[in-house]
Every structure is written in C-alpha cells, then in structure tokens.
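# Observations on the model geometry
Chain by chain, the residues run as shown.
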Amino acid sequence: MWYYSCISVLIFFCLYFVMYNELFYNTDEDQVLLLKACSHKLQQNEDRYEDDFEGLFSKSRGRDLHNVLIDNENYTENCCFNFEKPPKTYIQLLDFYKNLSFPKDERFLWDKGWNIQYDPQRFNEKNKLEVFVVPHSHNDPGWLRTFNDYYHHKTKPLLENIIQNLFTFPDLKFIWAEICYFSRFYDTQDLITKERIKKLVHNGQLEFVTGGWGMPDEANTHWISLLIQLTEGQSWLKQNFNITPINSWSIDPFGHSPTLPYILKQSGFQNLLIQRTHYSVKYNLGNKRLLEFLWRQLWDTKGDTELFTHMMPFLSYGMKHTCGPDRTICEQFDFRYINKNTIDRFFRRGQDEITTKNIVKKSNLLVDQWKKKAELYRTNALLVPLGDDFRYQEKNELLNQRNNYERLFYYINRQTKFNVNVRFATLQEYFEAVHKHTNYKFPTLSGDFFTYADREDDYWSGYYTTRPFYKRMERVLLYYLRAAEQLNAWNVKYKNDRFEKILRNVRRQLSLFQHHDGITGTARAHVVEDYSIRLKNAIKDCQYVMEMNIFRLMTRNSYEKMDYNKKYFDIDDSNWPCNGSIRSPIIFSEEDGNSKFLVFHNSLAQWREETVQFLVTAPFILVSDLDGRPIQAQITPVVIWDKITPTFLTKLYNLHFVVKIPPLGMKTYILNLKSEKTKSKHTYFASNIISNTSFIAVNIENYPKELIKFTAQREYIITLTNGGTIHFNNNGTLKSIKTDRIREPWPVSVQFYEYGTNWWSKQSGAYLFLPNGPGKPLVGNFVPYIVYTEGPIESSVCVGLPLVVHCTRIYDNKIEIRNIVNISPLNNFEISMRIATTIKNKDVFYTDLNGLQMIKRNYFHKLPLQANFYPVPTAAYIEDENTRLTIITAQPLGGTSLSSGVLEIMLDRRLSQSDGRGLGEGVLDNQPTEQIFHLLFENLEGCEKRVENHPAGALTLAAYRATKELLNPISKFVYVSLETALRKDFGTKYSPISDDMEIITLRNIINLERNSTEVNTGVIIHRTKVLECSAHTGNLNKSVQLHNLFPFQTYGSSIHRTTLTFLKNLGEVDIEELQFCPMDTKALIFKHIPFKI
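Quick caveat: nothing in here was measured; it's all calculated off a predicted structure.

### Here we look at the state of the cysteines
In total, this model carries 4 disulfides according to the counting rule given. Disulfide pairing is shown between Cys-79 and Cys-1077; the S-S distance is 1.9 Å. As the torsion about the S-S bond is roughly -75°, the Cys-79-Cys-1077 disulfide counts as left-handed. In this pair, Cys-79 sits in the loop between α6 (63–72) and β1 (91–92) while Cys-1077 sits in the loop between β51 (1073–1076) and β52 (1081–1088), placing the two residues 998 residues apart along the sequence. Here Cys-1077 falls in the buried class, since its relative accessible area comes to 16%. Disulfide pairing places Cys-943 opposite Cys-1029 at an S-S distance of 1.9 Å. In this structure the cystine formed by Cys-943 and Cys-1029 twists about its S-S bond by roughly 100°; its chirality is therefore right-handed. Taken together, the positions of Cys-943 in the loop between β40 (929–939) and β41 (952–953) and Cys-1029 in the loop between β47 (1026–1027) and β48 (1038–1041) put the pair 86 residues apart, joining distant regions of the chain.

### Digging into the sheet that holds strand β8 (residues 307–311)
Spatially, the 6 strands line up as an open sheet ordered β1-β11-β7-β8-β6-β5, and their pairing is mixed. Strands with a single pairing partner mark the edges of an open sheet, and in this sheet they are β1 and β5 (247–250). Two elements, strand β6 (residues 271–274) and β8, share 4 bridges in a ladder whose sense is parallel. Bridge pairing in β8 links Leu-273 to His-310.

### Describing the side chain of Ser-225
By secondary structure assignment, the location of Ser-225 is in helix α12 (residues 223–241). Since its relative accessible area comes to 0%, Ser-225 is described here as buried. Here Glu-474 takes part through its side chain, which lies 2.8 Å from a polar atom of the side chain of Ser-225.

### Looking at empty space enclosed by the protein
Overall, the coordinates contain 14 cavities of 30 Å³ or more when judged by the stated rule. The computed volume of the largest cavity comes to approximately 340 Å³. His-222, Gly-851, Leu-852, Tyr-960 and Thr-963 are, among the 31 residues lining the largest cavity, the residues nearest its centre. Among the elements of the structure, α12, α19 (468–490), β34 (853–858), β41, α22 (957–967) and β45 (997–1005) are those that each provide at least two residues to the lining of the largest cavity. Taken together, the residues of the lining of the largest cavity break down into 16 nonpolar, 9 polar and 6 charged.

### Considerations on the confidence of the model for the protein
For the protein, mean pLDDT is 89; residues scoring 70 or higher make up 88% of the total. Between residues 1–76, whose pLDDT stays under 50, and residues either more than four places distant or in other chains, the model counts 76 contacts.

Cut-offs applied
- Residues numbered from 1 in each chain as written.
- Predicted model: local features only at pLDDT ≥ 70, side-chain atom pairs only at ≥ 80, totals over all residues.
- Heavy atoms only, no water.
- Disulfide = S-S within 2.5 Å.
- Helix = DSSP H or I, 4+ residues; strand = E, 2+ residues; numbered from the N terminus.
- Buried < 20%, exposed > 50% of the residue type's maximum accessible area, 1.4 Å probe, protein only.
- Pairing = 2+ DSSP bridges.
- Polar contact = N/O pair within 3.5 Å; in protein donor to acceptor, adjacent residues only side chain to side chain.
- 1 Å grid on protein atoms, 1.4 Å probe; cavity = no way out; pocket = protein on both sides within 12 Å on 5 of 7 lines; lining within 4 Å.
- Points joined across faces, edges and corners; volume = space filled by probe spheres on them.
- Nonpolar A, V, L, I, M, F, W, Y, C, P; charged D, E, K, R; others polar.
- pLDDT = per-residue confidence, 0-100.
- Contact = heavy atoms within 4.5 Å.

Dropping the structure here:
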C-alpha cells in the first residue's frame, strides 16, 4: 500500500500550495499550471487506482481535489469526445453484459428474495445505520384510466389526505413527482390551503422530486420532448413556490437511458434515483455494493457529465419490495389496513397493528431486513421508500402508516442493540446523508439499462413498437410545437397572451404523452384514445399559432388588421401518421385569379433546398418565386391503394418542385394555373409503368397517355442526378444501390417478416415481446402490382405486399421508404422490415438514445432473441471497415441486427391478450400507419477511426442532417386571403450555423421579474458529434456568432447563460459568440425590449 501513502503526500502538498498560492503563485496562469501538474501526477496512478478499486473505495481522500483538477482541464483547446481513446469508467455496461453469464438461478432468486448475510458488527454506537423512510405515491397520468378519471377518483382524494396529514403531523414527510397532477390540485385550492402547502414545501416536509410534468418513458422519447416536459413542470414549481428540485425520482420507466442524466445534470440536478433495470444487473451490482455510482456519458473523458445515481435493488418500488429482500416480511409493514378482517381488492388481508405485545418481534424482523438491504450499499445511510401506485387515497391510510411506524421508530431508536437511527424523511435528506461520506469515491458507470427484464426471459422490448400510429403522432406534434414557438418568438413586439396560453397548453399535452404508459403504447384502448384527442387538438392549436404569426411576419401593415377568427392559410400536412386521411388539394378558381401563393417555413438553422409536394386539381401549373423566376416542377398521378391493388385518381395530381428556404426563415412561391395550350415548359409529366399480369383501368384527365404503360414483372433502374443508380428487383423492392458514378453498387434487399407468439405459456403483450421462434418471411400467393414513376425531380417504386404498401421514393439524391402498414385483420401477429446487405458488422450494431447520441450494441447469443431488440427512437446503423448502412426513422420503433449485414426494424404488433404486467387487455386497436424511413449507404474510406472498445458511435454529417430534416420537415402554407400582399421572404439576413448544430428551442419564456417591460426569449443550441470524414476537426471548438443568428441583442438586450430549463441564471454573457464542443448543449436568455423585425 506504499503508493497510497505517496499519493496522499502529493495531494497534501497540492492542497497546501493551492490554499496559500498568493505566497508563491501570483497569477491565474500560475495556479492553473500548478493544478495541471498535480493532475498529471494523479493521472499516472489512475490505472492503478482502478485495478485496486475496493481498497481505494474505502479511504480515498483525493476526490474533491480530483474534481477541481477536472474542472481546470477545460482550459485545453481540444474537446473530450475522442474516438481514439475510450473514456475510462469503472463499469462500462456493454462490457459488463459481456461478462455476465445470466444464470437461471438468478431469475428465481430475484422473485423469491436474496439470501443476504451481514456482519452484525458493521454498525455500532459511533457508526449507526441511518434509515430514511420516505413516503411517496406514484400516480400514472393515464394507464387503466384516463388522466381526468384518475385525478377525480384517485389523485385528488389522496392529495387532500396527504396535505392534511402533513399539516397535522410536523414529523411526517412526503415526496411528490408528477406536476401534471399537483398543479391541477393546487390551482383549485383556496388561498388558505395554498399558504399551508407553501409552508409544507418551505419547511422541508413536502419535497418535489424531479419536478417534471410527469415521469417520462426513457426508450421511445426524444430528448427534446424530455427537456420540454421537465421545463414545463419545473417552471410551474418556480412560479408557484420559487423552488427548483435537484433530486430526480424515476421509479417506473421500463429501462433507463443516460440521456436523462445528461439533461438533469445541465438543469442543475445533483442526484438521480432509478428502479427498473435487468434483474441480473441489479443482482451483480448489489453483490459488489455498486448500486450507487456516478453515471457518466459515453463520450465523457473528464467526468463533467457525472450525476450521482442510486439504483433501487429489488423487483419493485412498492412497499413489499423496499424494506429488504424478503417481501413476505416487508408486506407485514404495510399498514394500509390494520384489521385482519379487512381484505383489499387483491384479496390481501390487513396487517397487525403495532402494540406493546408485538413491537419487539416486529422490530427485530424489520431491523434485520434493513441491515440486509444495507449490505448492498457502501455508506451507513439506507433509503426505504414507503408507497406504491396511487397510495393514500383512503382517508386513514397515511394516518395508519404514520402511527404504526412512529411506534416502531420510537422503540428501535432507543434500543442500543440495534445501532439504528430511523425517521421519516425526504429524498433530499437521504442524499445529504450519503454525501456526508466524503471519504468515499463512488464508482463511475457509463452505458444504458436496456433491454429491461423483470424475471426469466420476460424482456420488455415489445413496447418499443406498440401502437406506432401514436408514436408517429407525437413526433409530428413535437415538430409543430417547436415551429410554432419559433414563429411566435419573432413577433415579440406584438406579443399576444392568447398565443402564449395556447402554446403552454400544447407543451403540457406533449409532456403528458411522454408518460411511461403514454408514448409507450401501454395504456388501455380508451386511454390511448384520450391521448389521441389531446395530441390532435394540440397539433391544430400549433397550426393556428403558426398561421397567425406567419400572417404577421409575411404581410405588410397586417398588425392593425389582424382578425384572430379569420382563416388566412390552409396548411398542407404531408407528415400525418396516415397521410391520405387529412390532406386537401389546392383548388384554383377565377376569384383568386387562378393563382395560389405558398409560404414555406424552415425551422432549422441551416439553408434548406428540398423537394416539396402538393395535391392539385389541375396539371398545367407554372411555379415561380415572387421575383418572377420560373421553377422546374413535376406532375405525377395520385395513386391510392386498396390493400394490394392500386387505383389512379382521374382529377387529382401530385405537384413536385424544389424550394430554397433561409435558416429559421420563410419564402413565398406562386402557383399559376395554365391551360393545355399555354402550359409551362418548366413543368414536366412523369412517366409511369404499371407492372402486373392483370390489367387495371387508368384514365387520368389531361395526363399524356403515352406516359402510362403496362408491362410484365421486371427489374427496374432509377438514375440519380449525381450519376448513381437504384436497382429494383422484379418484386418492387431494392436490389442494389450505387451512390455515385464512381463506386461499385452495394447489394441490398428489403423483406418483411412476421413473428408469432407463444400459445402454450407466457405470451406477448403491450410490454413484452415473447416470440414463438425466429421471424418468418412474409409472402403472398399472388403477383403484386408495382407502380414505377420516374421524373426529373422525384421517382418512386410502390408495391402492394401482404399487409404493407411499400414505396421507395428517390428525390434530392435521397432514398426514402414509406410503408403503410395495416395488420388489423390478424391476431397475435408482429411485423418487421429486414434490410440485408453484405456489410460485415458481425454481432455489432448501433442505435440511438433519444435522438441525442449513438450507442454501441452487441447481439448476445447467450440471451433470447427478444433480449437483443433495442429502442430505435431516430436512427440505427451497421458498418464494417469500409461501408455503413444507416436507417433514419420518423417514429420510434424497436430494432436489432440479428446477423451480420442485417438491420431489422419492427413495424407493428397486434396482440389478443395481456402479458401479465397489469394492463389486463391486449393491443387490438391498430390503425393503418404510414411509417417513414431514410436509408443512407456511405463509404467510410477517409473517415476517422474508432478504437474497438469505444462504447459510443456517431452519425455522419449527412445522416445527422437527414435526421433533422425528417423530424423537422418544411412547413407548407397555402394563402387563402387576398387582402394583403405577401412578402417574398423572411430571415435571409441571418446566417446559418454549422450543419452539426441545431437550435433546439427558440421561444418566449415567462419573465418572473415584476413590473419589467423586457421580453425574455429562451434559446437552446446543441452541437452533436458526427463521424468526421474530411478534415477531422470535429473534436475542436466551433463558434456561433450570436448577432448573425438572432436579432434580439441589436435592440438593447443582454444575454444570459442559464440551465437548460431556463430557471437558473448562470451569469451574463459579454461576448458575441459562443464556443461549442461536440455534445455541448447551451441555453441562453435574451433579455430585450420589444422590437419589430
């Protein structure tokens, strides 16, 4: 142990010189050099520290100084994301999984309880076990009942009981998480009750944990939606109680993502608690006392992103699983009913009341459980949650718990043999006790906790795909919300409280759906319908706000004439989950001069030049901008599919043309109706081939008949504008892709597979994926219809397959797949799309985490098939040394790579039964859903290389751009009012930011300063990590010129750095540019006087 002594001496001298630096070092530079010298010496011993972690863990004194040194390393020019050097953490979960054997006995131990032994001498008079009993109630905002139903029949009564008992008993504590419920309860209280609640909050009896609008899912959610729901809940707490929580409580999401601690860390949080992780992970971490750790991001080499995390050790967060390993004993200490003649709805009898006759026996039992549980943790602080779903709604329940536990506390605290101090507490009190142990160095951990399993082979990978229609709808709402907030922010001179209230309600509806039984698709059918109505109404509200603000921004002198009840624009929404059901065509009339003005909005901070598409009722159209320049356009037939048969509409056409829109800006184009004699030479008709042995009638009015042909089945080739080719099989699916004139084609095939479910044992349901074997190719006993369309702007190949209309669109040199999936006639059926290539990725593939980052995966043959499916919220890829295939998805789904060269994405699932996780019904409300994907085949020659054991991945710049464009399509508005002329553009004077960056948020935020005339505009900017394939400068800082991007500071404003929730001011920024490393996210508040853009 000689080296520990040496290091201790070194640390002592470092601290000594830092404390008295004015005697020896007169400048900041000198101090930094000193700290770096100490840091370098400590780094040399880091490997040795990790090798002997157990010894270091007990008595490390260098932790605080180590944090100071890490902070000072920020002076370096290079950023911390380095593919050539993987971050060093004590636990890297992918490696951890590789080493786990997943023995069968663990699965039974998990359900039965661990046989934990403890040293009776561990705790003594000087080192007592500090037990923190934390009452809580978990309230799902929708699951078996709707949000409103739950509130009126369960949450409102239990909150009334909780507040009354807290006020009556000052020794009682409580924590609460779901602000969607608490805000509704609080806002309906009288002033006296509100003051009582404020007193409970500020004296520490009532703690809000996390403070988000709900407790979100962490698999399907997009990180921007996660941030929105956190901000919405915490903003309400700030406005009403002037508090901002620093402890997060995530007990019910089905697996955990490192994206959440990333957001929490940058929102001012200090601690996080999680619960649902794989039983083998818990068992192995618990046996090594590693259930508390510093959760670090995959790319972090410095520790800047670490968040202290507590993992609960047992099966559930309910009372029977929180006092210790033996649930039969823990159940005896749930005093919901204290009369054994009382039987609850689960046929459980009440428990014995604590009396002088049984208190000795009961205390011995309970303390024994506590000490066994304490063996799984390092410090002498023990957390014992006391609650469950919707607990304390009965009037006397909390009183019963309080009275019986107080008797136990009184007895146990006075028995010297126990060496225990126990009390009611909040989560904050527990974490404070943990962090008092400054001599402990907690282990670092990186990775995620997917896929979750609670017992045996029951892997929760089904909910990644359950009810994809609503998953897609959530992404559409997110896009509309961000665009509406952005447009509303530009109109600050004419700030309208009407719009602010509308957008606040939209944020709350979006936030509500992030709930872990919302976007997951795991609620009952009538609850899902309730969510659907909320999402649809929120989308309409966003469209209204966008319409009004575009009218303001794009018309001259419109502000005095504004009529909030008037229709100014029609919105062409081509991104709905089932596209054809809501789109309306553009109809020309003599009243509008046979002309239509179109306004396009770009919510991204880069110039965009993309193909757009409309439905029109006439084919002879001239497209031009407001300067009169004609724009090349293309007309194609409109085809609708009745399962496998296409129908060509006779008087409806698709119009395609390319628009160029400035960053965060808008531009106007004109459609002019022409006659056949005066038709534009800039508008082209696409050629069409219908492939099938059976004839169908095609009679399209005013469409050249020579451009519609019939052939037998054959292969087909489409040529790209850059010289590449897309080769299709004679069944209408991809055969090969050649991305340019030079490279050889890449073989590829697309095929659809079906999965069944077990019928003799446990079966798949909303949560679980339990297939009855490998997937089987989905084949039909018919010759499919194939429709080939080719034109100068867009080409496509569509084929009617069993249960899927599969279309491949080629435009802007992009490959887009649109699948209209309809499995409603079937039961216990799941469908996937499998893309096969010659890429030699072996068992390695990559999926994204919440659209924020890419994580490395391994296909584990020691685990069942369902364990190897992971969430794919936005992207996945496979690669070898030279080639990469990336799939970008517009909706969250499950995915995997089952064998080398293959990517598989689940599309939909229909199940007749519950899987035994409480839902009590199957999933039988499937809707036809149009799912959108982009495929990218990329050559990796010249791209930066990663060491094999690096746990992170990165999209290429092209793939990241495709993700942004797919999730944030160009908004299309048709001007229906002729009273005011439109401007030709908006935003052309603002400069774009780098393609690897994105404006996450641009919106007005509430100014909490009274009597202030300033407007606060919140901006969040994120830079991702992309795979560098050119100059390899991606690890260096990049700057954003604020004055070139935002107009706010040119009107007497100040700029302030804040946390991501805009709730803590981190100081004024006195520079006009900000530096960003890869994976940096920075939030700003522009305080400015109203102005006119």
